[in-house]
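Coordinate inspection notes
Now for the letters of each chain:
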There are 2 protein chains.
Amino acid sequence: MINIGILGYGTVGSGVVEVLNTNQESINKRAGEEINVKYVLDLRDFPGDPIQDKIVHDFETINNDPDVSIIVEVMGGVEPAYTFVKKALENGKSVATSNKELVAKHGSELLELARSKNINFLFEASVGGGIPIIRPLNSSLTADEIDEITGILNGTTNYILSKMTHEGLEFADVLKDAQDKGYAERNPEADVEGYDACRKIAILSSLAFGSQVDYEDIYTEGITKITASDIKYAKEMGKAIKLLASSKKVGDSFYAMVAPFLIGDEHPLYSVNNVFNGIFVHGNVLGDVMFYGSGAGKLPTASAVVADVVDAAKHMNRNIMTFWSSGKLELTDISKSERKFFVRISGGTEKLESIKALFGPVSVVAVPEMDDEFGFITEVISEAEFKEKVGQLEGVINMIRVQD
Amino acid sequence: MINIGILGYGTVGSGVVEVLNTNQESINKRAGEEINVKYVLDLRDFPGDPIQDKIVHDFETINNDPDVSIIVEVMGGVEPAYTFVKKALENGKSVATSNKELVAKHGSELLELARSKNINFLFEASVGGGIPIIRPLNSSLTADEIDEITGILNGTTNYILSKMTHEGLEFADVLKDAQDKGYAERNPEADVEGYDACRKIAILSSLAFGSQVDYEDIYTEGITKITASDIKYAKEMGKAIKLLASSKKVGDSFYAMVAPFLIGDEHPLYSVNNVFNGIFVHGNVLGDVMFYGSGAGKLPTASAVVADVVDAAKHMNRNIMTFWSSGKLELTDISKSERKFFVRISGGTEKLESIKALFGPVSVVAVPEMDDEFGFITEVISEAEFKEKVGQLEGVINMIRVQD
């Protein structure tokens, strides 16, 4: 029997208990031993809940029990999660976590600590909820040099953009609806400003490139400036607006950013709608692959956590090699990265001459009902060059990057 | 240094050599040791090819060399691959293969043999080319009871159907074009009759359900009867026609089949076009996930083979547990499986009364330019009931199953 302690009995924590109960037989078979929840750490009590007998309020009760060999950390936030996880690993207990803040901030250190103890620090659920992406990056795509990871990594913003697209609504109205339905937090900043996606792409980039990508270094822009009018243009062009978290290797430079992008219907991420996540990966020999599924939610996330528990159980006293060194990967400033840009500008097409004088050839887009403005897409240029040139134009309403 | 022997220097075999050369440094780092190709078995010689010095014509030269610890089998076909792989495993050498015929026919036996020798039999490349699907099923989706796997598993037929859809062409014309381009074999039977997809879904089903699914038991229908007219109806309904290989657990029954289906644009497989493959998996706690990518081709397939070589190198003398018992899984006859059906029928809608008398409520579909016929979609009924009822109708032109 393998005893586990769960830190946190919130949404994911109670999901982990539910998944273990629901699929007990097959999980035990795959783990090779019975998985038993011995403790659940929470500040609260849960009278009437079958878990109540296992509730403890002191982490040390769990950490000091030699019978506990795997800790599930599903509290979220950096502290006290970091302190608890570090103590558990130092104490020889493997850890499975869903905590993206913890992994983005301290992943390489905790992996190194687990390696030194010949145990495991696993975090499949920290990115993409139930979608297998961490383990495939670490143990399936090993023959490739990954040169791009681009993901729709935040379900809340994807739901908002999908609903704006399908119903022609404005951001604020859809956000309110999402909050009422529980798809968005009362304080939605982490989602709508892109901070959540930023931490997740930092984790994926660190794994893909093998060195620490600090999330603070990643240029991050949210979706709060996207309007119903922008989406009319997108539809006119047969494109969709998605919040993409992307990192790319171009020559010897590494770029990472989070921002809204226009993507065309030939891109596999185009049809990732609503609360779903999609993660597109390009390898130098593999070509394109994409992973798609529920990026959040109680049971999908718990499914990934429990899969990590099974893996930890199958690898007691044997470290699963993970390539994420603590050496910092220096990102190149995105001002040097190159792409096409979409610009909306007020006025009539008499402005086109001066636009072409600045940008060279552009594709013009007009939405029939919006006759006091128009849009255009530039050729591929650098962020710096775009910024410099667009600054010379008068009447710019909005700009959105284009993913080809 | 880990020495490997490659059986077969065809498309995939030469791809394996190319991938190992291209990404040598990162592959060796991930494997933990240098991977060295010591032998390549082929009937032919390759004068001028750098591999020529390593070419041998006798399998026993490789198998008798104690320095070789991993065998790559990329010959295809059941024999002599089966004999060679079995001998290699008996001799304590791990095997990585891309051979779906071999895995579908002898997978459980070869896995058991590898387990008894504490080595590995790996076959990521046998399904979905470069898409990671075998390893995720085996080591990521371990917290779930998988109740459905539905895949577009054959790139050739998906290319043909995509081209028929985009260009309004007939099957025979597109097949000829695909043959000219090298996307389809001169003898296209294995692809267009669904036999290739059948072997692949047999492998995935055996892994998902943990018991041997014999491919001979799987009802298999190809795409040769799909016409340009059928595709006009599909477009009219906002659906696409795809060759789906599917297995489902419904209650205590397991169903598996390969056939063309109509799928709607809300389904993640709808936008898997051209030579790409997509594999949709539903788990009881995970919900929906999909894996997408290049399902064939020299380098993507070789990427998956080399990833297996890396995994074998990381697990020398340590078996990776794989749940695929030799106990046979009895499939339920598909006559009991239930779904909606689309039917095209000649004549006018005066026939509707008798159709409704037989099937109950149906949705009628008409394509404007085709006025001497119409189509309808039934409610959900069993295959047996559908067959019995549709047999009573006169003027049936074609029928296609509907995937909701």
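Residues numbered from 1 in each chain as written. Chains lettered and ligands numbered in written order. Predicted model: local features only at pLDDT ≥ 70, side-chain atom pairs only at ≥ 80, totals over all residues. Heavy atoms only, no water.

Attention now goes to the overall build of chain A. In terms of regular secondary structure, chain A is built from 14 helices and 19 strands. Computed over C-alpha atoms, the radius of gyration of chain A comes to 23 Å, within 12% of the 22 Å expected from 2.2 N^0.38 for 404 residues, which places it in the range of a compact globule. Overall, chain A is about 75 × 45 × 35 Å in size when its C-alpha atoms are taken along their principal axes. For chain A, the proportion of its 404 residues judged to be buried stands at 61%. Taking the intrachain contacts of chain A between residues at least 6 apart in sequence as the baseline, contacts between residues at least 24 apart amount to 73%. Entry remark: accessible area of chain A is about 15300 Å², with carbon and sulfur atoms responsible for 48%. Side chains of chain A carry 39 positive and 60 negative charges; the gap between the two charge centres is 2 Å. (Helix = DSSP H or I, 4+ residues; strand = E, 2+ residues; numbered from the N terminus. Rg over C-alpha atoms; globule rule 2.2 N^0.38 Å. Buried < 20%, exposed > 50% of the residue type's maximum accessible area, 1.4 Å probe, protein only. Contact = heavy atoms within 4.5 Å. Areas by Shrake-Rupley, 256 points an atom, 1.4 Å probe, with all protein chains shown as cover. Lys, Arg positive; Asp, Glu negative; His and termini not counted. Charge placed at Lys NZ, Arg CZ, Asp CG, Glu CD.)

As a further point, take the domain arrangement of chain A. Residue and element names in this part refer to chain A. Each domain of chain A was delimited in the assignment, giving domain 1 (2-129 + 298-322), domain 2 (136-294) and domain 3 (337-403). Inter-centroid distance (C-alpha atoms) of domain 1 to domain 2 is 27 Å. Tallying the contact residues gives 16 residues for domain 1 and 14 residues for domain 2. In total, about 1200 Å² of surface goes out of reach between domain 1 and domain 2, with carbon and sulfur atoms giving 65% of it. On the domain 1 side of the contact with domain 2, Lys-100, Ala-104 and Val-127 bury the most area, a combined 43% of that side's loss. The partner of Glu-216 in a salt bridge is Lys-105, with the nearest N and O atoms 3.4 Å apart. In this structure, the connection of domain 1 to domain 2 is made through four residue pairs in polar contact (both at pLDDT 80 or more). The residue makeup of the side of domain 1 that touches domain 2, split by class, is seven nonpolar, five polar and four charged. (Domains from an automatic or database assignment. Buried area = accessible area lost by both parts, 1.4 Å probe. Salt bridge = Lys/Arg side-chain N within 4 Å of Asp/Glu carboxyl O. Polar contact = N/O pair within 3.5 Å; in protein donor to acceptor, adjacent residues only side chain to side chain. Nonpolar A, V, L, I, M, F, W, Y, C, P; charged D, E, K, R; others polar.)

What follows concerns the packing of aromatic side chains. Counted under the stated rule, the structure contains 23 aromatic pairs over all chains. With a centroid separation of 5.6 Å and 40° between ring planes, the pair formed by Phe-121 of chain B and Phe-123 of chain B is classed as tilted. Overall, Phe-123 of chain B belongs to the buried group, its relative accessible area being 3%. Between Phe-276 of chain B and Tyr-292 of chain B the ring centres are 5.1 Å apart and the planes differ by 15°, which places this aromatic pair in the stacked class. Residue Phe-276 of chain B is found in strand E12 (residues 276-283), and its partner Tyr-292 of chain B is found in strand E13 (residues 287-294); the two are separated by 16 residues along the sequence. For the pair Phe-276 of chain B and Tyr-292 of chain B, one class covers both residues: buried. Put simply, the rings of Phe-341, Phe-359, Phe-376 and Phe-386 of chain A touch in pairs and so form one group of aromatic residues. For Arg-199 of chain B, the ring lying beneath its charged end belongs to Tyr-215 of chain B, and the centroid distance is 4.1 Å. (Phe/Tyr/Trp six-rings, centres within 6.5 Å; stacked < 30°, edge-to-face > 60°. Lys NZ or Arg CZ within 6 Å of the ring centre and 35° of its normal.)

Here we take up the interface of chain B and chain A. Reports of interface size often rely on the accessible area that becomes lost once the parts have come together. With 47 residues of chain B at the interface, the matching set in chain A holds 47 residues. Counting the surface lost from both chain B and chain A, the interface buries some 4200 Å², and carbon and sulfur atoms represent 55% of this. One can count zero salt bridges joining chain B with chain A. For the pair chain B and chain A, the interface holds 13 residue pairs in polar contact (both at pLDDT 80 or more). Split by residue class, the side of chain B that touches chain A holds 25 nonpolar, 13 polar and nine charged. Bridge count between strand E13 (residues 287-294) of chain A and E13 of chain B: five bridges; the pairing is antiparallel. Directly across from Val-289 of chain A, in E13 of chain B, lies its bridge partner Gly-293 of chain B. (Pairing = 2+ DSSP bridges.)

Let us look at the relation of the copies chain B and chain A. Mapping chain B onto chain A is achieved by rotating through 180° and translating by 0.0 Å along the same axis, at an RMSD of 0.0 Å. One copy is carried onto the other by what is essentially a two-fold rotation axis. Residue Phe-291 of chain B, judged by its C-alpha, is the member of chain B lying nearest the rotation axis, at 2.4 Å. Here 100% of the interface residues in chain B have copies in chain A that are interface residues too; the copies meet face to matching face. (Least-squares fit on C-alpha atoms with pLDDT ≥ 70 in both.)

Time to look at the pattern of salt bridges. All names here are of chain B. Applying the stated criterion to the full structure yields 56 salt bridges over all chains. Between Asp-42 and Arg-44 there is a salt bridge, with the nearest N and O atoms lying 2.9 Å from each other. Measuring nitrogen to oxygen at the nearest pair gives 2.8 Å for the salt bridge that ties Lys-200 to Asp-196. One end of the pair is Lys-200 and the other is Asp-196, both in helix H10 (residues 195-209) and four residues apart, which spans about a single turn. Under the relative-accessibility criterion, Asp-196 is labelled buried at 8%.

Let us look at helix H8 (residues 171-181) of chain A. Residue and element names in this part refer to chain A. Among the residues of H8, those classed as buried are Phe-171, Val-174, Leu-175, Ala-178 and Gln-179. The arc enclosing the buried residues of H8, seen along the axis, measures out at 140°, which places them on a common side. Summarising the geometry of H8, the exposed residues directed more than 90 degrees from the buried face are Ala-172, Lys-176 and Asp-180. On the buried face of H8, the contacting elements are helix H7 (155-167) and helix H9 (189-192). (Arc of directions from axis to C-beta.)

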